[in-house]
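# Topology and contacts: notes
Here is what each chain is made of, one letter per residue.
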Amino acid sequence: VQLQASGGGLVQAGGSLRLACAASGRTFSNYVMGWLRQSPGKEREFVAAITWNGVTTHYAGSVKGRFTISRDNAKSTVYLQMNSLKPEDTAVYYCAASTSWSPSRNTRASASAYDYWGQGTQVTVSS
């Protein structure tokens, strides 16, 4: 599956952005989808994930209550609505796809759980 992320940009602290990731090539509803992010000098960090049917979601503690992951299987697209953005949210955001949903939260939050990756979109939050 090929993934194309979009929607990044520059926003002031407290603002909002909505990221989108369009999938192509294979049946989108066969994949668990996730968003991860990476800041300069840091390891890639889990942000959120959503199951095949969109019923179950999983968030990193640092974004819970501010970010919302959703998906539209008819459009083969996963979204990340980001509200109340903080400067520490500044990163390149990647969408990723996995063929499985691990019962372990730690496993789901690992970059190694994902099989396919998009190219990333830059999000910069100014203070």
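Description of the structure in this document. (Residues numbered from 1 in each chain as written. Predicted model: local features only at pLDDT ≥ 70, side-chain atom pairs only at ≥ 80, totals over all residues. Heavy atoms only, no water.)

### Thoughts on the environment of Gln4
Relative to the assigned elements, Gln4 resides in strand β1 (residues 2–6). Gln4 sits in the partly exposed class, given a relative accessible area of 48%. When the C-alpha positions of Gln4 and Asp115 are compared, they lie 15 Å apart, and in sequence the two are 111 residues distant. (Helix = DSSP H or I, 4+ residues; strand = E, 2+ residues; numbered from the N terminus. Buried < 20%, exposed > 50% of the residue type's maximum accessible area, 1.4 Å probe, protein only.)

### Here we look at the packing of aromatic side chains
For the structure shown, the criterion picks out 3 aromatic pairs. Here the aromatic rings of Tyr114 and Trp117 are separated by 6.1 Å at their centres, their planes lie at 65°, and the arrangement is edge-to-face. On the accessibility criterion, Trp117 (29% relative accessible area) is partly exposed. Each residue in the set Tyr94, Tyr114 and Trp117 is aromatic and connected to the rest through ring pairs, giving one cluster. A cation sits over an aromatic face here: Arg18 above Tyr79, 4.0 Å from the ring centre. Of note, Arg44 hangs over the ring of Tyr94, and the distance from its end group to the ring centre comes to 3.8 Å. (Phe/Tyr/Trp six-rings, centres within 6.5 Å; stacked < 30°, edge-to-face > 60°. Lys NZ or Arg CZ within 6 Å of the ring centre and 35° of its normal.)

### Quick notes on the pairing of strand β3 (residues 17–24)
The two faces of the sheet receive side chains in turn, since in a regular strand these alternate between them. Strand direction decides the pairing type here: β1 and β3, joined by 5 bridges, are antiparallel. Across the sheet, Ala5 pairs through a bridge with Cys21, a residue of β3. Where β3 and strand β8 (residues 77–82) come together, 6 bridges link them in antiparallel fashion. Each bridged residue has a counterpart across the sheet, and for Ala22 the counterpart in β8 is Thr77. (Pairing = 2+ DSSP bridges.)

### Observations regarding the pattern of salt bridges
The final tally for this structure, using the stated rule, is 3 salt bridges. The salt bridge involving Glu45 is made with Arg37; its shortest N-O contact spans 2.8 Å. Overall, the relative accessible area of 34% leaves Glu45 in the partly exposed class. By relative accessible area, Arg37 is classed as buried at 5%. A salt bridge links Asp89 to Arg66, with the nearest nitrogen and oxygen atoms 2.7 Å apart. Taken together, the residues span a long stretch of sequence, with Asp89 in the loop between β8 and β9 (91–98) and Arg66 in the loop between β6 (57–59) and β7 (67–72) at a distance of 23 residues. Exposure remark for Arg66: the relative accessible area of 11% places this residue in the buried category. Counted as one network, the salt bridges with shared partners bring together Arg37, Glu45, Arg66 and Asp89. (Salt bridge = Lys/Arg side-chain N within 4 Å of Asp/Glu carboxyl O.)

### Comments concerning the nonpolar core
Core analysis: the largest hydrophobic core is formed by 37 residues, its most contacted members being Trp35, Leu80, Met82 and Tyr93. Breaking this core down by element, the ones donating at least two residues are β1, β3, β4 (32–38), β5 (45–50), β7, β8, β9 and β11 (121–126). (Core = buried A, V, L, I, M, F, W, Y, C linked by side-chain atoms within 4.5 Å.)

### Quick word on the environment of Thr124
On the secondary structure map, Thr124 appears in strand β11. Its relative accessible area of 28% is what places Thr124 among the partly exposed residues. Placed 35 residues apart in sequence, Thr124 and Asp89 show a C-alpha to C-alpha distance of 7.5 Å. The residues touching Thr124, leaving out its near neighbours within four places in the chain, are Gly9, Leu10, Val11 and Thr90. Of the polar contacts made by the side chain of Thr124, one reaches the side chain of Gln122; its length is 3.3 Å. (Contact = heavy atoms within 4.5 Å. Polar contact = N/O pair within 3.5 Å; in protein donor to acceptor, adjacent residues only side chain to side chain.)

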